[in-house]
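Structural overview for review
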Amino acid sequence: EVRKRARVLVLIDVSGSMGEVVGSAGGQSKLDLAKTAASDALADFAPDDEVGVWAFTSTDQPAPDGIYTELAPIAPLGPNLDRIRGEIAKLVPLNGTPLYAVARHAVATMSAAADPDRINAVVLLTDGRNEYPPDTDVDGLIRSIQVSESIPGAVRVFSIAYGQDADLDVLRRISEASRAAAYDATDPTSLERIFT
């Protein structure tokens, strides 16, 4: 009730590796656990927080269409909660991981309509490393998302390194450049706690 309201874009990796079964999770895949964690975490938002969701994976289409699908546009969560949960439940693992490109597009999208009276953030969940040849410029990405503490409404990128193969070092660089934090969920069963 007392915190600033949030404007958050959640990015969920649906690359092929998200289909891997987690041995300690009763036959569930990494994506199954991620869908549950993301859906449950929505309950932690206020109804008037603005939340959007993208699923990202590489396709044969050029960016931005070839790197993400908008499951839900950024809008007040309250009236859209059930629809967003339904869209998340339909996700299936697909292709590669356009990590840098999707981070770049997400921050640009959020920055273009940032609200200085809200917490503007991207939550980036991935289990992999960048696998998108058209965008391999991590240093350029870091420069493009660096923010100063004095900028009102600056977009923060909170990243979650999910599973043993996630590029935690790069995710830390991305989050630190935006004055946010990276979280280590290399144990996939810890994801729900970390997402919350």
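Here is a short report on the structure shown in this document. (Residues numbered from 1 in each chain as written. Predicted model: local features only at pLDDT ≥ 70, side-chain atom pairs only at ≥ 80, totals over all residues. Heavy atoms only, no water.)

**Side note on the overall build of the chain**
Defined as follows: Counting from the N terminus, the helices are DSSP H or I runs at least four residues long and the strands are E runs at least two residues long. Using C-alpha atoms as the atom set, the radius of gyration is obtained and then compared with a globule rule of 2.2 Å times the number of residues to the power 0.38. Buried, partly exposed and exposed residues are distinguished by accessible area as a fraction of the type maximum, computed with a 1.4 Å probe on protein chains only: under 20%, between the cut-offs, and over 50%, respectively. Every residue pair with non-hydrogen atoms within 4.5 Å of one another is taken to be in contact. All accessibility values rest on the Shrake-Rupley procedure with a 1.4 Å probe; residue burial counts only the protein chains present in the view. We treat Lys and Arg as the positive residues and Asp and Glu as the negative residues; His and chain ends play no part in the count. A charge is said to be at NZ when it belongs to Lys, at CZ for Arg, at CG for Asp and at CD for Glu.
When its secondary structure is counted, the chain shows six helices and six strands. The helix and strand sequence of the chain, counted from the amino end, reads β-α-β-β-α-α-β-α-β-α-β-α. Radius of gyration (C-alpha) of the chain: 16 Å, near the 16 Å computed for a compact globule of 196 residues. Overall, the C-alpha framework of the chain stretches about 45 × 35 × 30 Å when taken along its three principal axes. Taken across its 196 residues, the chain has 51% of its residues classed as buried. Of the contacts made within the chain by residues no fewer than 6 positions apart, 74% connect residues no fewer than 24 positions apart. As presented, the chain carries roughly 9000 Å² of accessible surface, and 49% of it is formed by carbon and sulfur atoms. Across the chain, the centroid of the 18 positively charged side chains sits 4 Å from that of the 29 negatively charged ones.

**Topic: the packing of helix α3 (residues 99-112) against helix α4 (residues 138-145)**
The condition that has to hold: Lines fitted to C-alpha atoms define the axes, with helix axes restricted to the stretch in contact, and inter-axis angles between N-to-C directions lie between 0 and 180 degrees. Roughly parallel here means an angle under 35 degrees, roughly antiparallel means over 145, roughly perpendicular means 65 to 115, and every remaining angle is called oblique. Here a crossing is called left-handed whenever its near helix is offset anticlockwise from the far helix by less than a right angle, and right-handed whenever the offset is clockwise. Asp, Glu, Lys and Arg are counted as charged, while Ala, Val, Leu, Ile, Met, Phe, Trp, Tyr, Cys and Pro are counted as nonpolar; the rest, among them Gly, fall into the polar class.
Remark: α3 packs on α4, axes separated minimally by 10 Å, with the N-to-C direction vectors making an angle of 15°. Compared by their axis directions, α3 and α4 come out roughly parallel. Crossing angle aside, the handedness with which α3 passes α4 is left-handed. Counted together, Tyr100, Ala103, Arg104 and Val107 of α3 and Val138, Gly140, Leu141, Ser144 and Ile145 of α4 form the full contact between these two elements. Among the residues making up the contact of α3 with α4, the classes are represented as six nonpolar, two polar and one charged.

**Re the sheet that holds strand β2 (residues 50-56)**
Threshold: What makes two strands pair is DSSP finding at least two bridges between them.
Spatially, six strands are ordered β3-β2-β1-β4-β5-β6 in an open sheet, and the strand pairing comes out mixed. Each of the sheet's edge strands pairs with one partner strand only, and the pair in question is β3 (68-76) and β6 (182-185). Direction aside, neighbouring strands of the sheet carry axes that sit 15° apart on average. Pairing analysis gives six bridges linking β2 to β3, with the strands arranged antiparallel. Note on β3: the bridge partner recorded for Trp54 is Glu70.

**Considering the packing of α4 against helix α5 (residues 168-177)**
For the pair α4 and α5, interaxial distance at closest approach is 8 Å and the crossing angle is 25°. Looking at the two axes, α4 sits roughly parallel to α5. For the crossing formed where α4 meets α5, the hand is right-handed. On α5, the residues that touch Val138, Asp139, Leu141, Ile142 and Ile145 of α4 are Val170, Arg173, Ile174 and Ala177. When grouped by side-chain class, the residues that make up the contact of α4 with α5 number seven nonpolar, no polar and two charged.

Don't take any of this as a statement about function, it's just geometry.
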